[in-house]
Amino acid sequence: MILSVLDQTPIAAGTTPAAALANSIDLARHCEALGYHRYWLAEHHASPALAGSAPEILIAAVAAATHRMRIGSGGVMLPHYSPLKVAETFSLLAGLHPGRIDLGLGRAPGSDQRTAVALQRDRRQQAPHDFPNQLAELIGYLENSLPADHPFAAYAATLPGLPHAPEPWVLGSSSDSAAFAGDLGLPYCFADFIYARQGDIAAAYRQQFVARHAGDVPHVAIALWTVVADTDAEAQRLAAPARMMFAHLLTGRSIAVPDVETALAWLADRPELDRARAGRRVVAGSPETVRAGIRTAAAEYGADEVLLVNILHDHDARKRSYALAMQAMTGLAVAA
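Quick notes on the rules
- Residues numbered from 1 in each chain as written.
- Predicted model: local features only at pLDDT ≥ 70, side-chain atom pairs only at ≥ 80, totals over all residues.
- Heavy atoms only, no water.
- Helix = DSSP H or I, 4+ residues; strand = E, 2+ residues; numbered from the N terminus.
- Buried < 20%, exposed > 50% of the residue type's maximum accessible area, 1.4 Å probe, protein only.
- Contact = heavy atoms within 4.5 Å.
- Areas by Shrake-Rupley, 256 points an atom, 1.4 Å probe, with all protein chains shown as cover.
- Lys, Arg positive; Asp, Glu negative; His and termini not counted.
- Charge placed at Lys NZ, Arg CZ, Asp CG, Glu CD.
- Arc of directions from axis to C-beta.
- Phe/Tyr/Trp six-rings, centres within 6.5 Å; stacked < 30°, edge-to-face > 60°.
- Core = buried A, V, L, I, M, F, W, Y, C linked by side-chain atoms within 4.5 Å.
- Salt bridge = Lys/Arg side-chain N within 4 Å of Asp/Glu carboxyl O.
- Pairing = 2+ DSSP bridges.
- Right-handed = clockwise from strand over helix to strand, strands pointing away.

Please provide a residue-by-residue account of the overall build of the chain, values included.
Of regular secondary structure, the chain possesses 12 helices and nine strands. The buried share among the 336 residues of the chain stands at 52%. Once local pairs closer than 6 in sequence are excluded, the contacts in the chain between residues at least 24 apart make up 72%. Accessible area for the chain stands at about 14600 Å²; split by element, carbon and sulfur atoms hold 55% of it. Computed over 27 positive and 33 negative side-chain charges, the inter-centroid distance for the chain is 3 Å.

Okay, structure coming up:
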């Protein structure tokens with residue numbers, strides 16, 4: 001099984017956003033040494049919890065600090081941007097790092113609705129819901145496949161990274177995103193950590209897949225919440241800060257990642273909020289427990305690849321989680 005990483009660049013309470021950025025670069029180097037296949041950076045805005053507001057800049061930094069892994073966006077929230085601007089940015093990255101850049105594309109705002117409006121250039125009205133059109137235009141630039149009479153067709157030949165190009169993906173957690181990916185013949189990553197146990201959506205993607213090039217086949221990845229420690233009990237302890245963060249989100253608040261003891265005490269006083277996360281899948285435990293959990297989730301989707309995602313307060317514990325996960329899935333001893 002292909003193992004990869006989705007990094008949301010969490011900000012630990014008591015530290016700074018700049019420290020979170022440095023941690024992402026450090027974790028990427030660590031995961032490359034462990035043998036992970038790709039490393040994606042998420043996009044979130046106006047958040048005290050997550051520092052990755054510009055994944056294209058973090059991609060450049062992480063790609064320069066690594067040598068083998070594919071580096072990409074998980075993802076760029078396309079409704080905020082011009083397709084041409086995204087095409088130019090990721091073409092440039094592909095030119096700097098040939099054969100290593102992924103362009104994961106999503107339609108969620110990566111923020112609350114007020115922030116989404118603040119990100120718009122024109123605040124007089126809501127941005128249109130035209131993600132499929134944006135996506136098709138962007139692919140047209142990257143592959144120089146826009147119709148000759150398209151008003152912007154000539155721009156495909158001016159992309160700065162030519163002849164290199166990023167690999168585009170569709171990211172999502174709904175049947176709509178699966179349809180977009182299938183119709184355009186793109187690889188698809190499903191966010192199980194947001195909406196769990198949706199293997200039927202992956203099956204629908206495969207059925208709808210229309211190859212654009214000879215040899216194209218469906219490719220399904222899932223992003224799975226995974227925390228690994230020496231024991232099940234320790235992994236559950238390490239997962240408590242993320243549970244506290246999610247409970248706050250349910251009340252419309254976002255907080256920096258609390259430490260474990262703070263989170264455990266807060267959750268103990270609010271069991272009803274802690275239970276609200278029960279519908280979300282969290283694969284947390286010893287290497288043996290997590291190996292079984294990853295295999296179960298992958299089988300549900302028929303996944304070709306699993307991207308592991310987590311939010312922990314302690315950076316060293318997070319690095320160790322990724323080391324133990326790789327060891328669990330490969331059987332090979334790794335340096336934690």
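Okay, back to it.
Explain unusual backbone geometry to me, and be specific about the residues and the numbers.
Glycine aside, the phi torsion of most residues is negative, and most peptide linkages are trans. Across the junction of Gly74 and Gly75, the peptide omega takes the value 0 degrees, indicating a cis bond. Put simply, Leu162 and Pro163 share a cis peptide bond, and its omega is 15 degrees. By the element assignment, Pro163 lies in the loop between helix 5 (131–143) and strand 5 (167–172). A positive phi angle is found at Ala46, which is not glycine, with a value near 50 degrees. Positionally, Ala46 belongs in the loop between strand 2 (38–41) and helix 2 (55–65). What makes Ala46 exposed here is its relative accessible area of 68%. The phi angle at Arg197 is positive, at roughly 60 degrees, despite the residue not being glycine. Structurally, Arg197 can be placed in the loop between strand 6 (188–191) and helix 7 (199–208).

Lay out helix 7 with the relevant residues and their values.
Burial in helix 7 covers these residues: Gly199, Ile201, Ala202 and Tyr205. Within helix 7, the buried residues cover an arc of 160 degrees as seen down the axis, which keeps them to one side. In this structure, helix 7 carries Asp200 and Gln207 as exposed residues pointing more than 90 degrees from its buried face. Taken together, the buried residues of helix 7 touch helix 6 (175–184), strand 6, strand 7 (220–228) and helix 11 (287–301).

An account of the packing of aromatic side chains is needed here, citing residue identities and associated values.
Taken as a whole and assessed by the stated rule, the structure comprises nine aromatic pairs. Ring centres of Phe152 and Tyr155 lie 5.9 Å apart, and the angle between their planes is 15 degrees; this geometry places the pair in the stacked category. Measuring from centroid to centroid gives 5.4 Å for Phe190 and Tyr301, while their planes differ by 35 degrees, and the two rings are tilted. With a gap of 111 residues between them, Phe190 in strand 6 and Tyr301 in helix 11 connect regions that are remote in the sequence. Note on accessibility: Phe190 and Tyr301 belong to one class, buried.

Please give an account of the nonpolar core that cites residues and values.
Among the nonpolar cores identified, the biggest contains 65 residues, and Tyr36 and Tyr39 are the most heavily contacted of them. Every residue in contact with Tyr39, bar those within four places of it in the chain, is listed here: Val5, Asp7, Ser24, Leu27, Ala28, Cys31, Val62, Met69, Arg70, Ile71 and Gly72.

Tell me about the pattern of salt bridges, and name the residues and values.
Think of it this way: side chains of opposite charge can pair up when their charged atoms draw near. Under the criterion given, the structure shown has 13 salt bridges. The closest approach of N and O atoms between Asp102 and Arg38, which form a salt bridge, is 2.6 Å. Of this pair, Asp102 sits in strand 4 (residues 101–106) while Arg38 sits in strand 2; the two residues are 64 residues apart in sequence, bridging distant segments of the chain. For Asp102, a relative accessible area of 0% puts it in the buried group. Its salt-bridge partner being Asp176, residue Arg107 comes within 3.1 Å of it at the nearest N-O pair. Highlighted residues: Arg107 in the loop between strand 4 and helix 4 (113–119) and Asp176 in helix 6, separated in sequence by 69 residues. Several salt bridges share partner residues, and in doing so they unite Arg38, Arg70, Asp102, Glu167 and Glu305 into one network.

Break down the pairing of strand 6 for me, citing the residues and quoting the values.
Of the two faces of strand 6, the one lined by Tyr188 and Phe190 and the one lined by Cys189 and Ala191 are each fully buried. For strand 5 and strand 6, the ladder comprises three bridges, and the chain directions are parallel. What sits directly across from Val170, in strand 6, is Tyr188. In this region the chain leaves strand 5, passes through helix 6 and returns to the parallel neighbour strand 6; the handedness of that crossover is right-handed. The sheet contact formed by strand 6 and strand 7 spans four bridges and is parallel. Residue pairing in the sheet places Cys189 in a bridge with Ala221 of strand 7.

By themselves, these figures tell us nothing about what the structure is for.
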